[in-house]
Amino acid sequence: MGGGLPSGTVTFLLTDIEDSSTQWEDAPLEMRRALAVHDQIVAEVIEAGGGAIIKHMGDGCWAAFRSAPAAAHAAIAVHRMLQQQAPAVRDRLRVRIGLHTGDVEPTENDYFGPVPNRSARVADLANGDQIVCSAATAGLLPGFDLRSEGPQMLRGIGVEEVFRLRADGVDSDPRPLRRSTPPTNLPSVRTSMLGRAGDVRDAVSLIERGHRVVTLIGPGGVGKTRLAIEIGQQVAATSERSVRFCSLAPVADADAVLASVADQIGARQQAGMDLLTSIADFVSERDMLLVFDNCEHVAVAVAAIVERLADAPGIAVLATSRAALGVGGERLLAVAPLPPETVGVELFVDRATQHDMTFALTAANEPAVRELVERLDGIPLAIEVAAARIRLMTPQELVTGLGDGSPPATAGLDPTADVLRDTVQWSYRLLAPPQAAVFARLSVFAGGATLSDIAAVCTDDDVSAAEIPQVVLALVDQSMVVSSLEGGHRRFSLLETMRRFAAEKLGGGGRQGHYRERHAERFFTIAQRESERLFTAAEPDAWRVLDNEWDNLRVAVDAFAAAGDVERRAELLESLAWYATFAMRSELFTWAADLLAAPEIETNPRYTDLCGIAALGAYLTVTGQVTELAEAGLRANPDDPGGFCRMALAAVFLNSTFTRAASEELTSAWLAAPPATVGSRLWAEAFRTFHLATYGVEVGAREHAAATSTIARETGSVSARALAAWAQGMAVAIRDADTAITIWSEGLEWPRSMPRDHLVEHLLDGLILHFTVERVDVTDALRHCRAAVLVALDQHYYVGASHLFGVTAIALTRGGDAETGARLVGSMIGHGHRPRANARHALESALGDRLDVHQAAGMHLSVTQAGHIAIDALDAAMARVGAERAS
C-alpha cells in the first residue's frame, strides 16, 4: 500500500466523457453542471464499491479496485446512474469506460508503468455508453455479460483481444469500437541523443510560434534525421498535433516523391485531383507536423509540395536537407557538429561502451579519445563509425589508422563532408572483401531488407549465402549498417550517407545493373509468394511483408519499366492487386494505368486484368472511368481471368447505379463458369448475395452467402471472413435486421485486426449505419453518422464518405435539417453514387417540390466540402435536438 492506494493485482477503471471538448466550446455552463454530476456519481459509486480514486483527468476519472468484479459492478452502476439523469444532463454525459487488470505497486499517490498505460489504451477504444475491458479483466468476470470484440490495436502496445461488458437495464451503444490510431509514425530509436537539447528547443519553439517551414540544414552525418525525430517526439508529446514522418531516402527520383509522401501520411488520390492536390486536400483540415527527411536529392519536388500546402492553416513542415528548400517563409536551423572537446567525447564513450562494455574513459586513453574526436570534427556519424572499431583497436590505434589509412583530407568547399567521407572511406578499407562487397550491393535496396533478401540479391562468386549472416553482423557491429526490428522481423538498412557511398563503390553500368536486376527479380518473387498467402490464414503476415517491402516493390516496378519488360511489370502488378484493393493502396492502380499507355498493350495477355485493376483504382478514387475501363477489359477477354473487371463493375452496382436487370446479368455471368482465382470467386459469391438480397430473393441470397462462408472457412483468410460477414448479414437482413446488425458488428473484428485500413471495414460500417439510422434514437443516429463520416474523411476514403451522405441525409432529416441532407445527396449523385430509396423517401416527405432545388445546390460540392458541411450540420442538429428535449 502507498498513499492509501491498493497494490498487487489491481483493476483500473477509467472514465472519459465523449466529445467533451466540443461541448465545453458550445455550452460551457451546461457542461460544468454536467461534469459536476459525473464527478459526484463516479465518486459515490467508487467509494461504495471499495475502490479508490487515483485522480481526475480532464473530463474523466481514474480509479483502482482490488477486485475485478467490484470494478465491473462499479462501471455498470456509473452508466446506469448517468443514464437515469434528466435529458439536459444525460445528453452531455455519454461516458466511455475502460477496465484492465494487472500487478502494480503505487508510488506515493499515483501509478506508473505498463499496466496503467495499457488501461488507458483499452479505454481509448470505447465510445460513449460503452464499457470495454481487456482479456486480463474478462477472465476474472465469470457470470458477466461479455462479448469479444476480437483483436484490437492498442496504441503503442500492439494487437490484443478486448471485450465489451453489458448489463440488463443499461444502454450499450451499438457502434463499433473506436480505432486506436497512432498519432505518429516516427521511427523508433535505440540510442540516446547527446548535445542537441538547445536545437530541439529552438525548433519546437519556431513551430509553436507559427512558423510553417523549418529546415534543418547541415552536412551528411551530422545528425539531422536523429534531431528531426526528437523534435517530432517533443511536438507529439506536448501538443495536439499529429506527426507524420516521411523518409525520402528510399525515393530514387523526383517522380516518385508524391506517391511516397501520400503513402506515408495516408493520403489517397481523389476524383478530379492530381496527387499533389489530393495531398493538399488530405491535410487541409488537419493539425499536423509533416517531417520530410533526406530532401536534398529531391529538393525541387519537396519544395513544390511544401508550397502547395501553404494554404493549410494547421500544417507545419520540418525538413532535413543539406541545403535550404528555397520556399517562402522557410526558417533555417543549421545543425553543427558536436563540440569535440565535450559532447563529442561523451558520444564516443557512449557508443564505444555499447560495442565493448569494458571500455571506459581513463587518464591513459583520454588524450587519444580527444584527439580522435577533434580529428573527426565532432561529426556524430564519423564518431560512431570510429567507436564501432573499439573492440579491434585502441583509441590511439584509431587515431593512427585515420592518419595512415585514409587519403589526405581534400580542401573542398565542405570540409565537414570531407572528414566524414574520409572516415567512411577509412572504415570501408578495413572491411574484409566479402563485407565490402555486400556493403556496396546493399545500396540497391530501398527502405531496408531482411537477411534472406540480402542473401538472395547480394551473394555471388565472392560471397556465399552461408556467409551472409556473419557478414551482415560484422557490418552492423562496425556501424556501417543499421539493424532494426519491425513487426517482429529484423531488417537491415543503410543511412543515406552510407547508401550514397555504397552506391559509388558498387559503380555504374553493368555491375550495378546486374544487382538491380537481381533485386527486381527477388521482389517480383516476394510479391508472387505473398499473393499466394493472401487468401490463407497467413494473410495478416502477408500484409506486413508487403507493407514493409513497398519501397522495394516500387523500385522493382521502376526497374521493369526501365528495362521495357512489360510482361514482368504486368505480372507483378497483378500479383499485388488483391492486396492493394483490400488495403486501398492507390499507388498500384496508378502503376496499372501507366502500363495501359504502353505501346501495343492491348495485345498483352494480361491486358484484361490491367484494365480491371485500373478500373478498381478509378472506383476507389471516385472517377467516372470505371465502366469504360472494365468493359474494355471484358471485350478483350470475356473470361475476366483475375475477376478484376467484374469486381469493378459490381462496385458500380454497389453505388446503386445499375438496373436490376444489369446487375442480374453481371453477377450471374460472373459465376456461370467457376472463377479462376479465390479472390474472384469470393467477390463473385458476395456480390451475387448483395444483388439477390437487395431485391429480396431470400433463398438465393442465403445460398450464395453460405458459399462465401465456405470460402472463408476453407481459407482462414481475414478478408474472406470479413466479406463472409458482409454477405451473411445481407442475406439475414431480408427477414431479421437485428441479427444482421449483430453479424456485421461482430464481423468488424476481422478487418480491424489488420495492419492497415481495410476496405471491408467501410462496407460493414456502411451497412450497420444504413440499417440503424432510422431505428435508433435521433441523437444516436446523428452521432453515429458524424463518427462514420469523420472516419471516412480521416482515412481519405472518399468513396466511403460519399456513400454515407445518403444515411446522413436521413439522420439530418430526422434532426430537422432536410435541406442540408438534400445538398449531401446532391454531392453524392455528382460523384456517381445513387442514394437508396429510404433516403429519397425521407427527403421527399420533408421537402416535397423543394428537394430538386436543394439537391442541385450540392451537385458542385467536392466530397471534402460536403463532408465538412455534414459534420457541421450534424453538430448543429445534435445541439438543436438536445435543446428541444431540455425545454
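Residues numbered from 1 in each chain as written. Predicted model: local features only at pLDDT ≥ 70, side-chain atom pairs only at ≥ 80, totals over all residues. Heavy atoms only, no water.

### Let's talk about the overall build of the protein chain
How we decide: Strands here are runs of E lasting at least two residues and helices are runs of H or I lasting at least four, both read from the DSSP assignment and numbered beginning at the N terminus. What the globule rule says is 2.2 Å times the number of residues to the power 0.38, and the radius of gyration is computed from C-alpha atoms. Summary of the burial criterion: residues with accessible area below 20% of their type's maximum are buried, those above 50% are exposed, and those between are partly exposed, where the area comes from a 1.4 Å probe applied to protein chains only. To be clear on the numbers: accessible area is Shrake-Rupley with a 1.4 Å probe, and residue cover counts the displayed protein chains and nothing else. For this count, His and the chain ends are skipped, Lys and Arg are scored as positive, and Asp and Glu as negative. By convention, charge coordinates are those of NZ in Lys, CZ in Arg, CG in Asp, or CD in Glu.
Secondary structure assignment for the protein chain yields 40 helices and 14 strands. In summary, the protein chain has a C-alpha radius of gyration of 30 Å against a globular reference of 29 Å for 887 residues, a match within 12%. Dimensions of the protein chain, computed from C-alpha atoms along their principal axes, come out at roughly 90 × 80 × 50 Å. Put simply, the protein chain has 887 residues, and 57% of those count as buried. When the accessible surface of the protein chain is totalled, it reaches about 34,500 Å², and 52% of it is carbon and sulfur. Each charge class in the protein chain can be summarised by its mean position, and for the 79 positive and 112 negative side chains these summaries are 1 Å apart.

### Things to note about the packing of helix α17 (residues 433-441) against helix α19 (residues 468-477)
Filter applied, for reference: Under this scheme, a helix contributes an axis fitted over its contacting stretch, all axes are lines through C-alpha atoms, and angles between N-to-C directions fall in the 0 to 180 degree range. By definition in this entry, angles of less than 35 degrees are roughly parallel, angles greater than 145 are roughly antiparallel, angles of 65 to 115 are roughly perpendicular, and the rest are oblique. Two residues form a contact once any of their heavy atoms are found within 4.5 Å. Polarity classes work like this: nonpolar for Ala, Val, Leu, Ile, Met, Phe, Trp, Tyr, Cys and Pro, charged for Asp, Glu, Lys and Arg, and polar for all others, with Gly in that last group.
Packing of α17 against α19 leaves a shortest axis separation of 9 Å and a crossing angle of 80 degrees. Our classification of the angle between α17 and α19 gives roughly perpendicular. Only I468, V471, A474 and L475 of α19 make contact with α17, whose side of the interface consists of P434, Q435, V438 and F439. Per-class residue counts for the contact of α17 with α19 are seven nonpolar, one polar and no charged.

### A closer look at unusual backbone geometry
One non-glycine residue, N294, lies in positive phi territory at about 65 degrees. On the secondary structure map, N294 appears in the loop between β10 (288-293) and α11 (299-308). Look at E600: it is not a glycine, yet its phi comes out positive at around 55 degrees. Inspection of the secondary structure assignment puts E600 in the loop between α25 (586-595) and α26 (607-620).

### Thoughts on the packing of aromatic side chains
To keep it simple, the criterion reads: To pair, rings of Phe, Tyr and Trp, with the six-membered ring standing in for Trp, must have centres within 6.5 Å; the planes then decide the type, stacked if under 30 degrees apart, edge-to-face if over 60, and tilted in the middle. By definition here, charges over rings are those cases where NZ of Lys or CZ of Arg is within 6 Å of the ring centre and within 35 degrees of the ring normal.
All chains considered together, the criterion is met by 20 aromatic pairs. With a centroid separation of 5.5 Å and 45 degrees between ring planes, the pair formed by F12 and W62 is classed as tilted. Residue F12 is located in strand β1 (residues 8-17), and its partner W62 is located in strand β3 (residues 60-65); the two are separated by 50 residues in the primary sequence. For the pair F12 and W62, a shared accessibility class is recorded, and that class is buried. A centroid spacing of 4.8 Å and a plane angle of 45 degrees characterise the contact between W578 and F644, whose relative ring orientation is tilted. Of this pair, W578 sits in helix α24 (residues 566-583) while F644 sits in helix α28 (residues 644-654); the two residues are 66 residues apart in sequence, bridging distant segments of the chain. Over the face of the ring belonging to F282 we find R286, whose NZ or CZ atom lies 3.6 Å from the ring centre. For the cation-ring pair, R585 lies above W550, with the distance from its terminal atom to the ring centre recorded as 4.2 Å.

### Describing the pattern of salt bridges
Operational definition: The term salt bridge refers to a side-chain nitrogen of Lys or Arg lying within 4 Å of a carboxyl oxygen of Asp or Glu.
This structure, assessed with the given rule, holds 50 salt bridges. Between R606 and E571 there is a salt bridge whose closest N-O contact spans 3.7 Å. Remark: E571 occurs in helix α24 and R606 occurs in the loop between α25 and α26; sequence separation between them is 35 residues. Residue R783 pairs with D780 through a salt bridge whose shortest N-O separation is 2.6 Å. With R783 and D780 both in helix α35 (residues 778-794) and three residues apart, this pair spans about one turn of that helix. Residue R783 is classed as buried on the basis of its relative accessible area of 8%. Connected via shared salt-bridge partners are D16, E18, R94, R96, D129, D173, R175, D780 and R783.

### Some points on the nonpolar core
The cut-off we apply is this: What we call a nonpolar core is a set of buried Ala, Val, Leu, Ile, Met, Phe, Trp, Tyr and Cys residues that are connected through their side-chain atoms within 4.5 Å.
Formed by 157 residues in total, the largest nonpolar core has its most connected members in F348, F439, I454, L588, W683 and W726. Looking at this core element by element, the count peaks at twelve residues for helix α32 (residues 718-733). Not counting the four nearest positions on each side in its chain, F439 is found in contact with Y428, L431, L475, M480, L494, M498, F501 and A502.

### Re the side chain of T820
Within the fold, T820 resides in helix α37 (residues 818-830). On the basis of relative accessible area, T820 is assigned to the buried category, the value being 11%. T820 has contacts with L812, I869 and A873, leaving out every residue within four places of it along the chain.

### Quick word on the environment of A651
Residue placement: A651 occurs in helix α28. By relative accessible area, which is 5% here, A651 ends up buried. Here the alpha-carbon distance between A651 and F687, two residues 36 residues apart in the chain, equals 8.6 Å. Beyond its immediate sequence surroundings of up to four residues, A651 is in contact with Y619 and F687.

### Notes on the confidence of the model for the protein chain
Detailed reading of predicted coordinates is not advised where the pLDDT is low. Inclusion rule: Confidence scores per residue from the predictor, reported as pLDDT, run from 0 to 100.
Of all residues in the protein chain, 93% attain a pLDDT of 70 or more, and the chain-wide mean is 88. Here residues 405-413 is modelled with pLDDT under 50, and outside its nearest four sequence neighbours on either side it reaches 14 contacts, counting other chains as well.

### A closer look at the environment of R775
Note the cut-off: Pairs of N or O atoms within 3.5 Å make up the polar contacts considered here, provided that, within protein, one atom can donate a hydrogen while the other can accept it, and that residues adjacent in sequence are counted only when both atoms are side-chain atoms.
If you trace the backbone, R775 turns up in the loop between α34 (759-772) and α35. Each C-alpha atom, one on R775 and one on R544, is 39 Å from the other, the two residues being 231 residues apart in sequence. Discounting chain neighbours no more than four positions away, the residues touching R775 are A737, D738, I741 and R814. Of the polar contacts made by the side chain of R775, one reaches the backbone oxygen of F771; its length is 3.4 Å.

### So, the pairing of strand β8 (residues 213-217)
Successive side chains on a regular strand alternate, one facing one side of the sheet and the next facing the other. To keep it simple, the criterion reads: Strands qualify as paired when DSSP identifies two bridges or more between them.
Taken across its five residues, β8 has five buried, putting it largely inside the fold. Burial along β8 is two-sided: V213, T215 and I217 and V214 and L216, pointing in opposite directions, are all buried. Inspection of the sheet shows β8 paired to strand β11 (residues 315-321) by five bridges, in the parallel sense. Residue pairing for β11: T215 is matched across the bridge by A319. Relative to strand β12 (residues 330-334), β8 is paired through five bridges, and the arrangement is parallel.

### Concerning the sheet that holds β8
Read across the open sheet, the five strands follow the order β9-β10-β11-β8-β12; overall the sheet is parallel. Looking at the sheet topology across the chains shown, the edges are occupied by β9 (242-247) and β12. If you compare each strand with its neighbour and ignore which way they point, the axes differ by 20 degrees on average.

### Observations regarding the environment of V115
As for its position among the elements, V115 is in helix α5 (residues 114-124). Between the alpha carbons of V115 and L634 there is a distance of 56 Å; along the sequence they are 519 residues apart. Here V115 is in contact with F12, H100, T101, G102, D103 and V104, once residues within four sequence places are set aside.

### A short note on the packing of α37 against helix α38 (residues 837-847)
Helix packing geometry: the angle between the two helix axes and the distance between the axes. This is how the line gets drawn: A clockwise turn of the near helix away from the far one marks a right-handed crossing, whereas an anticlockwise turn of less than a right angle marks a left-handed crossing.
As a packed pair, α37 and α38 sit with axes 10 Å apart at the nearest point and diverge in direction by 135 degrees. What the angle tells us is that α37 and α38 run oblique. Where α37 crosses over α38, the handedness of that crossing is left-handed. Mapping the contact onto sequence places A818, E819, G821, A822 and V825 in α37 and L843, A846 and L847 in α38. Along the lines of polarity and charge, the residues of the contact of α37 with α38 split into six nonpolar, one polar and one charged.

### Quick word on α38
We count it as follows: The reported arc concerns the directions from the helix axis to the C-beta atoms and nothing else.
N838, A839, A842, L843 and L847 are the residues of α38 that are buried. The buried residues of α38 all sit within an arc of 140 degrees when viewed along its axis, so they share a single face. Opposite the buried face of α38, by more than 90 degrees, sit the exposed residues A837, H841 and S845. Taken together, the buried residues of α38 touch α34, α36 (798-814), α37 and α39 (851-858). Positive phi appears at G848, one or two residues downstream of α38, with a value of about 60 degrees.

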